[in-house]
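Each chain is listed here by its residues.
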Amino acid sequence: MKTANEPRAVHADVEIVDRVLRGDVQAYGTLVERYERAVLAAVLSVVRDAHAAQDVVQDVFVDCYTRLGSLRDGSRFGPWLLKAARREAVHASRRAHRMRIERSDATGWGASAMDELV
């Protein structure tokens, strides 16, 4: 039952999450549309690369869809999703940093090679 003090979106998220969990796969698209800009903003603030951020956003929505059954309170979908997005963005940023280091080491332009140039 809705009260006057509770926002409509909270109830809508609960209802949509419930529909998805009952098998309405199309309902998840409503949640994606509702949160994709917020998720992208959260990811971009960490990743700082638009193409990489789009990949992370897609991964987050797929991962959260597969883990939706573990969400205990459907009204917390938004915060749960954004937390997952920030976590995945940090992981992606770390992976990209490691790849840059490995690439620079493989080409011989690591820290020791740069020290010799200076």
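None of the values given here were measured: they were computed from a predicted structure. (Residues numbered from 1 in each chain as written. Predicted model: local features only at pLDDT ≥ 70, side-chain atom pairs only at ≥ 80, totals over all residues. Heavy atoms only, no water.)

## Some thoughts on the nonpolar core
As a reminder of what qualifies: Here, the term nonpolar core denotes a set of buried Ala, Val, Leu, Ile, Met, Phe, Trp, Tyr and Cys residues that are joined through side-chain atoms within 4.5 Å. Buried, partly exposed and exposed residues are distinguished by accessible area as a fraction of the type maximum, computed with a 1.4 Å probe on protein chains only: under 20%, between the cut-offs, and over 50%, respectively. Two residues form a contact once any of their heavy atoms are found within 4.5 Å.
Formed by 25 residues in total, the largest nonpolar core has its most connected members in Val-39, Val-43, Phe-77 and Leu-81. Discounting chain neighbours no more than four positions away, the residues touching Phe-77 are Asp-13, Val-17, Tyr-28, Leu-31, Tyr-35, Leu-68 and Leu-71.

## Structural notes on helix 3 (residues 50-66)
How we decide: Helix and strand assignments follow DSSP, with helices taken as H or I runs no shorter than four residues and strands as E runs no shorter than two, numbered in order from the N terminus. Expected span, for any helix, means 1.5 Å times one less than how many residues it has. The arc in question is formed by the directions pointing from the helix axis toward the C-beta atoms.
Taking 1.5 Å per residue, 17 residues should reach 24 Å; helix 3 reaches 25 Å between its end C-alpha atoms and fits that length. For helix 3, the full list of buried residues reads Ala-53, Val-56, Val-57, Val-60, Phe-61 and Cys-64. Seen along its axis, helix 3 keeps its buried residues to an arc of 135°; they face one direction. Residues His-51, Gln-58 and Thr-66 are exposed on helix 3 and point more than 90 degrees away from its buried face.

## Here's the deal with the packing of aromatic side chains
Note the cut-off: Each aromatic pair joins two rings of Phe, Tyr and Trp (for Trp, the six-membered one) with centres within 6.5 Å, and gets the label stacked for planes under 30 degrees apart, edge-to-face for over 60, and tilted for any other angle.
Under the defined criterion, the tally for this structure stands at four aromatic pairs. Relative to Tyr-65, the ring of Tyr-28 has its centre 5.0 Å away and its plane inclined at 65°; by these criteria the two rings are edge-to-face. One end of the pair, Tyr-28, is in helix 2 (residues 27-47); the other, Tyr-65, is in helix 3, with 37 residues separating them in the sequence. Taking the relative accessible area as the measure of exposure, Tyr-65 reaches 32% and is therefore partly exposed. When the centroid spacing of 5.9 Å and the interplanar angle of 50° are considered together, the rings of Phe-77 and Trp-80 count as tilted. Residue Phe-77 and its partner Trp-80 are located together in helix 4 (residues 77-106), separated by three residues, close to a single helical turn.

## Things to note about unusual backbone geometry
A positive phi angle, close to 60°, is found at Arg-48, a residue other than glycine. Residue placement: Arg-48 occurs in the loop between helix 2 and helix 3. Overall, Arg-48 belongs to the exposed group, its relative accessible area being 69%.

## Section: the side chain of Asp-13
By secondary structure assignment, the location of Asp-13 is in helix 1 (residues 8-21). Excluding residues within four positions of it along the chain, Asp-13 makes contact with Leu-31, Arg-34, Tyr-35, Gly-74, Phe-77 and Gly-78.

## Points about the pattern of salt bridges
Definition in use: Throughout this description, the term salt bridge denotes a Lys or Arg side-chain nitrogen within 4 Å of a carboxyl oxygen of Asp or Glu.
Overall, the coordinates contain five salt bridges when judged by the stated rule. Two residues, Arg-34 and Asp-13, come together in a salt bridge whose shortest N-O distance is 2.5 Å. One end of the pair, Arg-34, is in helix 2; the other, Asp-13, is in helix 1, with 21 residues separating them in the sequence. With relative accessibility at 36%, the residue Arg-34 sits in the partly exposed group. On the basis of relative accessible area, Asp-13 is assigned to the buried category, the value being 2%.

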